[in-house]
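Listed below are the residues making up each chain.
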Amino acid sequence: MTVALGIIPALPLAGFLLCILLGPRLGKSFVTAAGVGSVGLATVAAWTRLIPYLAGTGMPVVERIAPWISAGSFSVDLSLRLDPLSGLMVSFVTFVGFLIHVYSIGYMRHDETDAGYARFFAYMNLFLFAMLTLVLANNFLLMFVGWEGVGLCSYLLIGYYYEKDFAAAAGKKAFVVNRIGDFGFLLGIFAVFSLFGTLDFDGVFTRAAAEPTRFAPGLTVVCLLLFLGAMGKSAQVPLHVWLPDAMAGPTPVSALIHAATMVTAGVYMVTRCNVLFRLAPQAMFVVAVIGGVTAVFAAIIAIAQTDIKRVLAYSTVSQLGYMFLACGVGAYVAGMFHVLTHAFFKACLFLGSGAVIHALGGEQDVRRMGGLAPRLPVTYRTFLVATLALSGIPPLAGFFSKDAILTGVFAVHRPILFAIGLFTAGLTAFYMFRLVSLTFYGEPRMTPEQVNHVHEAPPTMTLPLVVLAFLSMVGGFLGLPEVFGERANRIAAFLAPVLPPVFLPGRAEAGHALPPSTEWLLMGVSVAVAVGGLLLAWKWYAKEGGRPAAKLAASFPAVYALVVDKFRIDELYAVLFVRPFEWLARMLWKVVDVLLIDGVLNAGAFLVELTGDALRFLQTGNVRNYALTFLLGVVALVLIVFGFGGM
Amino acid sequence: MRALLDARLLTVLVFLPSAAAALLLLFPERRAREAKILALAASVLEFALSIPLWTRFDLASGTFQFVEKANWIPALGITYAVGIDGVSLLLVLLTTLLTPVSLLYSLNHVEKSARAFSISFLVLETGVVGTLVALDLALFYVFWEVMLVPMYFIIGIWGGARRIYAAMKFFLFTMAGSLLMFLAILYLAIRYRSQFGGWSFLLSDLARLTYPTMAVQTVLFLAFAVAFAIKVPVFPLHTWLPDAHTEAPTAGSIILAGVLLKLGVYGYLRFALPLFPDAALRYAPWVGVLGVIGVVYGAFVAYAQKDMKRLVAYSSVSHLGLVVIGVAAFTGVAMTGSVLQMVNHGLSTGALFLLVGVLYERSHTREIAHFGGIAGVVPVTTALFLVATFSSIGLPGLNGFVGEFLILLGTWTSNHRGWAVAAATGVILSAIYMLSLVQRVFWNPLTREENRRLPEIRASELVAAAALVVPMVWIGVRPNDFLDRLRPSIEEIRRSAATRKAAANPSPPSRVTRGISPTQVFTREETVR
Amino acid sequence: MITGGIPLSDVLLASGALFVIGLVGALLRRNAISIFLSIELMMNAANLTVLGYAAALHNLEGQVVVFLVIAIAAAEAAVGLAIFVALFQHTETIDVNRINLLKW
């Protein structure tokens, strides 16, 4: 029995409706059953649908649900698509989503009212509905529906603690910055339609691949516009500013939306459109550069942050930069592989940080943590595993995916980007282990009551941590590099149908076969860099309690302040955009609308009044004046009629 | 009875509200509640009777359906001719939906002279429906004027602090435009008499007229266009709108924003385009640019507002700017999107005004600064407001997105890509001003104690709001139900404008240096394939 | 033309003179009754003109018109005087300069 594709997103939608309409009334147990159960069922449905195709054949499967919009010459249907790419996304979106939902049961239970608890799970379900729609869509418009839908849920969930103005503002900021990207995405969609006459993926990509010379010239602009959308959604510089603020939302939200799923939608979209991008090399170059710049920029900021979630947020931005770097050099498989592994370890890290925050009764500043390793054993161990994975230590997952990316960059002979990627890898290891050291090692730096209160999280929270840590350990074996054998890279084989060959005349696709010795060398270099970063952080923070770092910071106070302050980008935007916007709005209102336009109108009315005021003096009330006027009038009339008639 | 409905459904729909109003005159003043209920029942009946228009609409035909013709003043050639096509169908249904919603809302909020209020509303409904179905220019003009008087009273008697100023402004503005249009109509009738002998005001007859020079056609077109531009409203003739909307009572704002504003675009599509296609196509770029200005300008000024209602009023300027762009772009996709967006705007802005009214009635202020953090106090109101907000800013899944997308896509594929880019910034701007409003009213810490005791939305208001939310979701999820009815009519409008133009001006298209030439009208989209 | 022995020109001269006298009186008098008398005078001057022509052209209809005008003048006088009486009861004066209720 095959489950219809539409069921997969429909289940969380049903969960949303149940939670929002009946949840407040029927209590937390009902919400748990409906909200988590729906996601669990969706996971089962997705996997049962996917398993027959794991061998890689038989896809793509397209299910056309109904016609949706037809007007004039434009027509688009509601149709879903299961192919290797969407299958890969669905597999971990549902499963990791489910784990995070389970975790949220414990995390949200105590602090929230029934209504708040229901609201949380409702929005989380709605999010999964939108995300699955995005991933399973078979045309650009339906993808855009999911795209905006996840933006909506992000807004609602970041602003979940709406009484805090910071959280509400962060939600609005996320939505608005996303919309700036969506502006680009929309224009990109229009451009696709005017180039190809359709928005269906099959229609667009097969036509583009079949006639590359015809379409290639227009595709640079199209791809740049689409990438603008991806930049907004996936928080690339300069549209990254919403993601750190988004940490105002509950931690499971950060884990699900801002680490594992929503932010990777941009990477998914670029990979989905790889046929178009590969015909627009300049656009790909821009993607790679922005990815690289973002990766290193965010990593630098991360090393100086003191809020545990903010470190992870900037880390996410940085890792997303890696993914776009991969896409930009044509290593799409590496990019998607990193999406997958990143989902595992980043979600694990966020959920782990949530457990720490939960244990410390709300503390998020790492300067007031420390010594938690013996007190939170499961949290510590899973956090450490995920850290090692993120840092790229073999044989954990992150090593293989990051290595694939770096290999890809190296293979297309981009030394600067490679150097940036390598440096960032070192920084990554450094700031992550700094985080681990400050949080879990050394003497406790929090208040005594907090020390007493520290307790390991309940099983609903620790179990997902363990599962995710496990996946971070073994996930890498899906994508072993070729040095381990020709068919070792299973994920590449799986994704191959989505990456058909496209050839611009005169340019063959760069072959990605590096000699094995070079591969081993690259692997060794990346491991060395990662280990180096780890050791440095361990020495500075675990052994010497942060003193070398403090000394360094003190020697360059201005630089340090700039880095801590995230390079003051938000302040720059406030000066460049926000304040002029507000000024313009006020000026247009007060000057143009009130003063000029209304002024003219009211002046006109005033003139009429003035004329009336002047003319009324003719009404003397004196009959004799009126009689005289009669006479004069008659005389004038007679003169006119007879006088001119006679002449 | 059945036969009456079958044969004369439109006439019944036009005059039923007036009949109910006449009945209300028999009510004594002290039976205010019964009067309100009767008016509500009449408007609900009207809505029910308008449903057959939808179900029995012929999806294949682009010309007028349910047509009725009768001689009215034969000596002057004025005929009672009514009929609907896809465009007017949707607008009539919008009217018959919004009127009971407004009356249902007013059930608990209008106490003073409630009978007179109900009568005004019903007469207004007659005027609006009549305007939408009239196929004779004189008849159209009569109904157009009939709309003015009750609206003037509604604003002037039951409105806010500056109601007299707002009512006068509304009336004088609209009247000035109407007079221009009236002169043009008279000229058309006289010209028809000299060209064909005999008087006629029928649209189908007057559409056959030719004009001695382009200048003449342009002047006539401008007369019509200005009248409609005031109603839409198009920048810079829009300043009556913020005052009128803000000072009107909630029900008045719902009807004004939901229905009356649409008549400007409707008039343009129904009359200005078929009568003066050359001038319309030539001056379309001007109209489009004004639309773009309206989108951006309206959004900025909306952001600067401190009064909730005024903010929503300026958002209307912004939204209708987009509709105007779609009409000016003149592609099938864009025009279909424009008409759909008119309906969408009526629903979403109607809902916003309704909910703002809910907050206002309870706290007696519309100042945004007075609120803050009330989401926990009035969760249902908050949820409804969020739905209306996201409909307004074009979130996919709700109605606003479909209209916005079609307009922008249609404009992109026309000659005027720049308009599409400029207008697309509207998606950013609308998010900014609406979400800022939501944040300052519903989120943020609750700082004023009196807000803690704000009552939640009542059942009658909830039903009224739900009546607007359901179509929002329906149009968002199944827009084809509506688009199917629009498509043939829009094609008919475009086709008749293009062929008429080609017939009247046999000179080569190179004479048309601005706007769209007739050959381009149809080839522009076909060449995409 | 001869009209029963009186030249038409003489009649017209006389009626013209009467008209002018009446006109001047209507404009320059202050007393409302005097103005009224002057207006009556103007009306009679017009009557005389009509009579003159009627006689000269041997037209009987003209003479009938005169009767009509006299009757109407009488009715008008009655109404006018009634208004003046009411006005006097209200304002205690019939000096037209002092009656300006319609003043701005």
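A brief structural summary. Residue numbers restart at each chain and count upward from 1, following the sequence in its written direction. Chains carry letters from A onward and ligands carry numbers from 1 onward, assigned in written order. In keeping with the predicted nature of the model, local features appear solely for residues at pLDDT of at least 70, side-chain atom pairs appear and are counted solely at 80 or more, and the whole-chain, interface and lining totals rest on all residues. Based on all heavy atoms of the structure, the side-chain values leave hydrogens and waters out of the count.

### A few points about the interface of chain B and chain A
Here is step 1 of the chain: Here, two residues are considered to be in contact whenever any of their heavy atoms come within 4.5 Å of each other. Taken residue by residue, the interface counts 63 residues in chain B and 48 residues in chain A.
Here is step 2 of the chain: Joining two parts hides part of their accessible area as seen by a 1.4 Å probe, and the buried area is that hidden amount summed over both. Of all residues in chain B, the largest losses of buried area upon contact with chain A belong to F300, F405 and W412 of chain B, amounting jointly to 12% of the total for that side.
Here is step 3 of the chain: Here, a salt bridge means any Lys or Arg side-chain nitrogen found within 4 Å of an Asp or Glu carboxyl oxygen. Linking chain B to chain A there are 1 salt bridge.
Here is step 4 of the chain: Among the salt bridges present, the one from D598 of chain A reaches K169 of chain B, with a minimum N-O distance of 2.9 Å.
Here is step 5 of the chain: The definition of a polar contact used here is a pair of N or O atoms within 3.5 Å, where within protein one atom must be able to donate a hydrogen and the other to accept one, and adjacent residues in sequence count solely through side-chain atom pairs. Linking chain B with chain A are 22 residue pairs in polar contact (both at pLDDT 80 or more).
Here is step 6 of the chain: Numbering of helices and strands runs from the N terminus, with a helix taken as a DSSP run of H or I at least four residues long and a strand as a DSSP run of E at least two residues long. For the side of chain B that touches chain A, the secondary-structure elements that each account for two or more residues are helix 6 (163–196), helix 12 (277–303), helix 14 (332–363), helix 15 (379–392), helix 16 (399–412), helix 17 (417–441), helix 18 (459–477) and helix 19 (480–504) of chain B.

### Side note on the pairing of strand 2 (residues 78–84) of chain B
Residues and elements named next belong to chain B.
Here is step 1 of the chain: Note on classification: 1.4 Å probe, protein chains only; a residue is buried when its accessible area is under 20% of the maximum for its type, exposed when over 50%, partly exposed between these limits. The buried fraction of strand 2 amounts to 7 of the 7 residues, a majority that puts the element mostly inside the structure.
Here is step 2 of the chain: Alternating positions in strand 2 separate into two faces, I78, Y80, V82 and I84 on one and T79, A81 and G83 on the other, with burial throughout.
Here is step 3 of the chain: Pairing geometry for strand 1 (residues 65–73) and strand 2, over 6 bridges, is antiparallel. Each residue of the ladder has a partner; that of N71, found in strand 2, is T79.
Here is step 4 of the chain: Paired strands, as defined in this entry, are two strands with at least two bridges between them according to DSSP. In textbook terms, the turn of a hairpin is the stretch between consecutive antiparallel strands, and for strand 1 and strand 2 this stretch comprises 4 residues, one of which, G77, has a positive phi near 75°.

### A look at the pattern of salt bridges
Here is step 1 of the chain: The tally for this structure, following the rule as stated, stands at 34 salt bridges over all chains.
Here is step 2 of the chain: For the salt bridge of R270 of chain B with D85 of chain B, the shortest nitrogen-to-oxygen distance reads 2.7 Å. Of this pair, R270 of chain B sits in helix 11 (residues 262–275) while D85 of chain B sits in the loop between strand 2 and helix 3 (86–106), placing them 185 residues apart in sequence.
Here is step 3 of the chain: What makes R270 of chain B buried here is its relative accessible area of 4%.
Here is step 4 of the chain: Across the pair D95 of chain C and R30 of chain C runs a salt bridge, and its minimum N-O distance is 3.5 Å. Remark: R30 of chain C occurs in the loop between helix 1 (8–28) and helix 2 (32–56) and D95 of chain C occurs in the segment after helix 3 (60–91); sequence separation between them is 65 residues.
Here is step 5 of the chain: Beyond isolated ion pairs, a larger network of salt bridges with shared partners links K173, D245, R310, K566 and D570 of chain A.

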